[in-house]
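Structural description and commentary
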Amino acid sequence: MSEKEDFLTVEKGKRLNSLYSDDEHLDEDNDSYEAISNNGKSWQDYGQSMLQQRVSTRSVVSLNIGAKGDVSTVPQLSPVIKHGWLCKNPPQGSYIYQKRWVKLDAEYLRYFDSDKDMYSKRIIPTASITSVANVGDQKFEVVTNNRTFVFKAESDSDRNEWVKVLQETVRDHNVTNRVSLLQQSSAASEEKQGALELRGLRSKLYVVVSGDKVFLYKNNEDYQLGIGITSIEMNLGNVKDADRRAFDLTTPYRTFSFVADSDKQKEEWMEAMQNSIGEALSNYEVAEKIWKEESNCFCADCGAAQPEWAAINLCVVFCKRCAGEHRGLGPSISKVRSLKMDKKVWTEELVELFQVLGNRRSNAFWAANVPPSEALSPASTSEERRRFISAKYREGKYRRYHPLFGNQEALDKALCINMQSSDVGETLSLVFCGANVNCDTGDPDCPSPISLAKSFDQKLQVEFLAQNKNTEIPRSEVGGHLDRQYYVAPPSITHNGFLFKTGSMGKPVTERKAKEEFSQRWCTLNDGVFSYFESPRNSTPNGDLRMKEIACLAVGVPETHGYDHTFEIYTDSERLYLFGTDNSDAMREWVKSIAKSFIPSSAEDLLNRDFERIGRLQYKDGLNLQSPKVGWFALVGSTLHVCFEDSEEEEAIHLKKLQELSIQQENEVLVLVERRRTLYIQGERKLDFQGWSSSIQRAAGSSGHTLCEQQLTEADIPVIVDRSIDYITQCGLTSEGIYRKSGVNSKIAALLESFRRDARNVRLKEGDHQVDDVSNVLKRFFRDTEEGMFTSQAANDWLSTPAMADDCQRVLHYQALLNNLPRVNKATLRALVNHLYCVQCFSDINQMNLHNLAIVFGPTLFQTDGKDYNAGRVVEDLISHYVAIFNVNEQQLKKQLDEISAIIKLRDLNSSSKVPPAGDFICTVYLEEKKETAEQHIKIPATMTAAELAFEILDRRKITVRENDYWCCFEVNEKEETERSLHYQEKVLPILHSLGTESYLVVKKHFSMEAMLIYLASKVDDSKHGMIKFREDRHLLGLGLSAFHDRYFILNRTSLRLYKEVRSLQKLQRAEQQCSHRPEKEWPVKSLKIYQGIKKKLRPPTCWGLTVVYANEKHEKQQWYLCCDTQTEMREWLSTFLSIQHDGNVWPSDSMKVCASRVPLDARLGNISLIPLRGSENEMRNSVAAFAADPLALFGKV
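Summary of the structure given here. Everything quoted here is computed from the prediction, not taken from an experiment.

**Examining the packing of aromatic side chains**
Taken as a whole, this structure holds 37 aromatic pairs when the rule is applied. An angle of 10 degrees between the planes, with centres 6.3 Å apart, marks the rings of Phe-256 and Phe-258 as stacked. Residue class for Phe-256 comes out buried when judged on its relative accessible area of 3%. According to the relative accessible area criterion, Phe-258 is buried, its value standing at 0%.

**Some details on the side chain of Asn-468**
Tracing the backbone shows Asn-468 in the loop between α12 (459-467) and β21 (495-501). Given the relative accessible area of 2%, Asn-468 is considered buried. In terms of polar contacts, Asn-468 uses its side chain to reach the backbone carbonyl oxygen of Asn-313, at 3.1 Å. Look past the residues within four positions of Asn-468 in its chain and what remains in contact with it is Asn-313, Phe-432 and Val-437.

**Brief notes about the sheet that holds strand β12 (residues 205-210)**
Read from one edge of the open sheet, 7 strands run β14-β13-β12-β11-β17-β16-β15, paired in antiparallel fashion. Each end of this open sheet is capped by a strand with a single partner; those strands are β14 (230-233) and β15 (238-241). Averaged over all neighbouring strand pairs, the angle between strand axes comes to 35 degrees, with direction disregarded. Across the sheet, helix α4 (residues 263-280) is in contact with β11 (192-198), β12, β13 (213-217), β15, β16 (246-250) and β17 (255-259); its angle to β15 comes to roughly 155 degrees.

**Things to note about the state of the cysteines**
Throughout the structure, instances matching the rule amount to 0 disulfides. In this model Cys-838 remains outside any disulfide bridge; the closest cysteine sulfur is found in Cys-841, 6.0 Å from its own. On the basis of relative accessible area, Cys-838 is assigned to the buried category, the value being 3%.

**Looking at the side chain of Lys-392**
Checked against the element boundaries, Lys-392 lands in helix α8 (residues 382-394). Side-chain polar atoms of Lys-392 contact the side chain of Asn-363, separated by 2.9 Å. Setting aside its immediate chain neighbours within four residues, Lys-392 contacts Ala-300, Asp-301, Asn-363, Trp-366, Ala-367, Lys-397 and Tyr-398.

**Some words on helix α6 (residues 320-329)**
Taken residue by residue, α6 has Cys-322, Ala-323, Glu-325, His-326 and Leu-329 as its buried positions. The buried side chains of α6 occupy one side of the element, clustering within an arc of 165 degrees when seen end-on. For α6, the secondary structure elements touched by its buried residues are β18 (309-311), β19 (316-318), β20 (336-338) and α8. Once α6 finishes, Gly-330 follows within two positions and takes phi at roughly 95 degrees, a positive value.

**Focus: the pairing of β17**
Judged by how many residues are buried, β17 sits mostly within the fold: 5 of 5 residues are covered. Both β11 and β17 contribute to a ladder of 2 bridges, which runs antiparallel. Within the sheet, the bridge partner assigned to Leu-198 lies in β17 and is Phe-258. As consecutive antiparallel partners, β16 and β17 are separated by 4 residues.

**Let's talk about the sheet that holds β20**
Reading across from one edge, β19-β18-β20 is the order of the 3 strands in this open sheet, with antiparallel pairing throughout. Edge positions in the sheet fall to β19 and β20, since each has one partner strand and no second. Across this sheet, the average inter-strand angle for adjacent strands is 30 degrees, counted without regard to direction. Here β18 pairs with β19 via 3 bridges, running antiparallel. When the bridges of β19 are listed, Trp-309 appears paired with Phe-318. The strands touched by helix α7 (residues 348-366) within the sheet are β18 and β19, with β19 carrying the most contacts at an inclination of about 85 degrees.

The rules behind each value
Going along each chain's sequence as written, the residues are numbered from 1 onward. Given that this is a predicted model, residues contribute local features only at a pLDDT of at least 70 and side-chain atom pairs are listed and counted only at 80 or more, while totals for whole chains, interfaces and linings are drawn from all residues. Side-chain measures were taken over the full set of non-hydrogen atoms in the model, leaving aside hydrogen atoms and water. Only Phe, Tyr and Trp rings are paired, with Trp represented by its six-membered ring, and only when their centres lie within 6.5 Å; those with planes under 30 degrees apart are stacked, over 60 edge-to-face, the remainder tilted. Buried, partly exposed and exposed residues are distinguished by accessible area as a fraction of the type maximum, computed with a 1.4 Å probe on protein chains only: under 20%, between the cut-offs, and over 50%, respectively. Secondary structure elements are taken from DSSP: a helix is a run of H or I of four residues or more, a strand is a run of E of two residues or more, and numbering for both begins at the N terminus. Throughout this description, a polar contact denotes any pair of N or O atoms lying within 3.5 Å of each other; where both atoms belong to protein, one of them has to be capable of donating a hydrogen while the other can accept it, and for residues adjacent in sequence the pair is counted only when both atoms sit in side chains. Between two residues, a contact is recorded if the distance between any of their heavy atoms is within 4.5 Å. Strands are labelled as partners when DSSP assigns at least two bridges between them. To obtain an axis, a line is fitted to C-alpha atoms, over the contacting stretch when the element is a helix, and the angle between two such axes runs from 0 to 180 degrees between their N-to-C directions. We call a pair of cysteine sulfur atoms a disulfide when they lie within 2.5 Å. For this quantity, the arc is that covered by the directions from the helix axis to the C-beta atoms.

Geometric descriptors of this kind do not, in isolation, establish any biological role.
See the structure below:
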């Protein structure tokens, strides 16, 4: 034996499990398959793997990963012929062999990392094995069509046994069936294949969606050879949308997070996988029975082969594409069911009915008079299908009219006579020509046609009539728009089916409801009443809702709750009903039926919209603010569609273009300010108004990162762009190097985040915002915009335009490209180029000429990072030819430049007076304690925050801030013996104005902050409740509690409540239920100031007290004292207060960045206290007035 044949065995567990087989690693990185965790779990063994060749009409060799458990969902596994430990040949010529657990069955040879793993490292089809032979030294080789695998056993006998079993297995395998995975799977007609990125791996995988499985390959070459990594059984899979181009394929075993190359590719992959799931869940038993009738093998509408859907009331079978148009007719016209998935629907009688009638006999009635020019084909478009199917079944345009058509009495009589026979085709003709399924037969024993059919044991007649109890009869007079999604409402809308329901609620649903919180109910909608029963057999409903009592219907975001699809019903009695289902089609049918049942005919146009919320609200407009009117509203995306009481036409309010959106909480009014109108939406019912207000606010905000998804001005320009340009025009055109200088990164990020969160409420003010920060926000916004300013599809056309030599030709080409841009992109580009044109007109002041602006904005707008020189040339062309490209009125442009010149002159005039910024005061701040040696005199600008003040003091004293140091600025009141730590973002100047003579500011460490942050991080919610000793501040009349008494307090996001009585804590768990219904006192939590400490003369029972100060609208202050039993308890209450008041932002995530980002103050004043903030209030007032009148007068004595 040569030295090359010697090897070292790697112990099991020493090597990282990889997605790829160990003989074909791409690199040395730890891109392991099993290391890609899902919810903290690695891809471990959840089920038993097998390789099985399926023999059926759609046979395909695939890698089936099933699960231990329910055999109804997992294919039967091939028995294992032999298994055991073997050492496998090393990858890429290495001499270190790996120990592998190897299994052999009739179809595949597989090897694993360990005997506990159920997911193999590599699968070798036995069909591809050409030979198995000994190669000495306990080794044997397995030779396939494209590769040789070498294994080593622990002994010669073990080796010989493996070789013998393998040779027998290969010999027994039918040679004629040796086909590669590719060839076999082609029989299943792969729906989608291509490269996909799997998060956690560097290289893309080659993914194939075929039949009911998704196959993963290392690359296209392995796919061609039929050697795969693994496959995913889609019968337990689910496809979910993720961020941007990503989507998740979830199974009970792990989540596969894929990233597509584009949004379009993502949609195609998700659709293909959804279809694969449908295929996996299919049951061909019903389909094969129905297909026994030859005419049912082709679509009744377009003739496509193997139709898999049917209308169980119309008795026709149709294809998937036609099924979508049938659903659009509504369940009262066409009850669409799947032949493969809706197994419970297909009773023996219904299957037999379809076999007896078939598409041939049904179409003999429905399609008796179809002109050849209007007939469909499998290649017909969706528009053609919609028109044809609506005409065929809704209007009955092509039907064969019964001789008795138009004579209702004769039709009903003929129907009753026909119940004695088995001629279901005649019954179909009678019913869909107007015979009443529920007519009176005149026989008291059999009062209806159904009971008559039962008496003659005509099961198929009973089944047909039962399916058509509430079917809408075709009406030839139906006209108008056939494109409507919702059909015209009949006098009485009926619908029924299973839904999952939670208990009714009196408050909004803010938390996710798990499946366990829902109960299955049989629901019916009939005669304007929605009822829900324990089961279809129950005659007494558990509850019901009358349609006239419904105020609002809201469609939930998919996967918000345990059931993927949910909707909410809000009633006039302030109750909310939540229903759910996993079937999106069922949910849509219910929403459609309920909406049509309570929306009046005057607002039925709203039903044509794909709404997320619909209902009635009271409103007032600018013309009439006295009495509210009732309108019907539907929220669709970012547009609010309204049918006003005094208007015949529907109006649309574009929420992203609102100039102002606010809520008057005190009287529950939502104020929508448009350019020409102000609309006041009034909450008649608090519950559904909260849902409307939150939904409208969400729709009015920025919804993504493209230009069209931003909040917009009336001119279709993003608000962030409009306000940034306006601010820079007002304050920054004379700033040298504007757009080339960088600002403070933390302030840029914070301002950009504020714009993204709600640009409408961001106001740029000189002094609060620096010009360079705003200019960098604008650049960063354009650089981060998805699709870019010029769109990814057209960017190359823009970049190639500068190569044109002729100026006129270049301008014409730019104009053509400009006109092809989306509306928002075009308006935004026009506004930006206009601004840059104005900037370069003042280049003698700001030094930003045409070339400099092109250098800055070329890479920014094209997002090229300076890699394409043409980007700058395009911007240069747009600015230099601005008038020609954008067809600008030169007189208006001159007027604009004159206005800017006037603004610049006015600013120069104001700056020449050199008046210091208003509101900058010099005050005394102490470090750690109040004493003369700890004094620090510092100028306080209007924009200075508590954090900036603290770091300024520490810098002056040259104190180094360590990572876990919590330095804070405290407001100390010596008279009250209290102190309050200022929030790090709190402005200092207003605090100084409110300080009395007995108060001062001190900077010191907050020793409790770390414990408070740990406590907040461990809290599940942001509320707190418990017993506290309480005392009121006795006012002038001497009323109130003069001593401390036990009271129960509840602190939540809105208020602090005090209860005098507490119910049994053993019986009730929720804090709100433990207390009497109405609180004794209640204060808005954000209007409170919380101080640590209680003055000693009040004799607090413990030293762990809080003083709560509340100032009402009349600026009258009230104080209360809360005394805790322990320091920990006091710390928990204080931290909860701070967390609620500052929306969880108690301390900056990185205080060092706050320190680094602040702007250094002018320290030329040294330690001179220009405005003493100590002494009497009159002295302070006089000092401030003197400083404002003559800032230099106070230096006279220095």
